[in-house]
Amino acid sequence: KHLIELINDILDLSKVEAGRMEVERIDCEPHLVIREVVKVLQARAREKGVTLAFEAATPLPAKIQSDPGRLRQIVTNLAGNALKFTERGGVRVVARVTGTRSAPQLAIDVIDTGIGIPADKVDKLFQAFVQADTSVTRKFGGTGLGLVLSRNFARALGGDILVTSEAGKGST
């Protein structure tokens, strides 16, 4: 399973770099996509003894035009990373509508109480095959592709991924 995920990530990265990444724009129900991801990741959270919760900070639209598969990948990568680096406390996935009435946007915050990231390492998060700290890689694993792909997917969908973090206190 891990090898298939790795191969798929590398193929997706190749598509991004070749300018061939495609995203759909179809009706999807964002609250259902996010709830599904949280439900799937619940087992991992329970195994670690941490919480994982979804909440809507504002009323969410029943449907949006987006790519539900790419949205699922983004939320899975972000929530999965948050769980990976959280050993106590928990992870909250908070969805809200931002922007204006004529140009609304769905914002999803993934907030954890994990190890956090030193300010001088944040820029490395979005480089392919690079992780913020090699000692962290040895302890927690990973390839360094999830955030790169997620940011590219988010940008292709008209958004972005931003990070705020404090070492030892968690990340958003």
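Residues numbered from 1 in each chain as written. Predicted model: local features only at pLDDT ≥ 70, side-chain atom pairs only at ≥ 80, totals over all residues. Heavy atoms only, no water.

### Describing the packing of helix α3 (residues 68–84) against helix α5 (residues 146–156)
Where α3 meets α5, the closest approach of the two axes is 9 Å, and the angle between their N-to-C directions is 145°. Crossing hand, α3 versus α5: left-handed. Here α3 contributes R70, Q73, I74, N77, L78 and N81 to the contact with α5, which in turn contributes G146, L147, S150, F153 and A154. When its residues are assigned to classes, the contact of α3 with α5 shows 5 nonpolar, 5 polar and 1 charged. (Axes fitted to C-alpha atoms, helices over the stretch in contact; angles between N-to-C directions. Helix = DSSP H or I, 4+ residues; strand = E, 2+ residues; numbered from the N terminus. Left-handed = near helix turned anticlockwise from the far one by under 90°. Contact = heavy atoms within 4.5 Å. Nonpolar A, V, L, I, M, F, W, Y, C, P; charged D, E, K, R; others polar.)

### Quick word on the confidence of the model for the protein
For the protein, mean pLDDT is 87; residues scoring 70 or higher make up 88% of the total. Confidence, expressed as mean pLDDT per element, reaches its minimum in the protein at helix α4 (residues 134–140) with 51 and its maximum at strand β2 (residues 51–56) with 98. (pLDDT = per-residue confidence, 0-100.)

### A short note on helix α2 (residues 30–48)
Its 19 residues place the ends of α2 27 Å apart at the C-alpha level, agreeing with the 27 Å of an ideal helix rising 1.5 Å per residue. Along α2, the sharpest kink reaches roughly 40°, centred on L41. Residues P30, V33, I34, V37, V38, L41 and A45 constitute the buried set of α2. The secondary structure elements touched by the buried residues of α2 are β1 (26–28), β2, β3 (64–66), α3, β4 (90–99) and β5 (104–112). Note on α2: the residue one or two positions beyond its end, G49, has a positive phi of about 75°. (Expected span 1.5 Å × (residues − 1). Bend = angle between axes of the 7 residues up to and from the residue. Buried < 20%, exposed > 50% of the residue type's maximum accessible area, 1.4 Å probe, protein only.)

### Description of the sheet that holds β4
An order of β2-β4-β5 is seen for the 3 strands of this open sheet, with the pairing classed as mixed. The strands lining the two open edges of the sheet, one partner per strand, are β2 and β5. The sheet shows a mean angle of 15° between the axes of neighbouring strands, taken without regard to direction. Across the sheet, α2 is in contact with β2, β4 and β5; its angle to β2 comes to roughly 170°. Those strands touched by α3 are β2, β4 and β5, and its axis lies near 20° from that of β5. (Pairing = 2+ DSSP bridges.)

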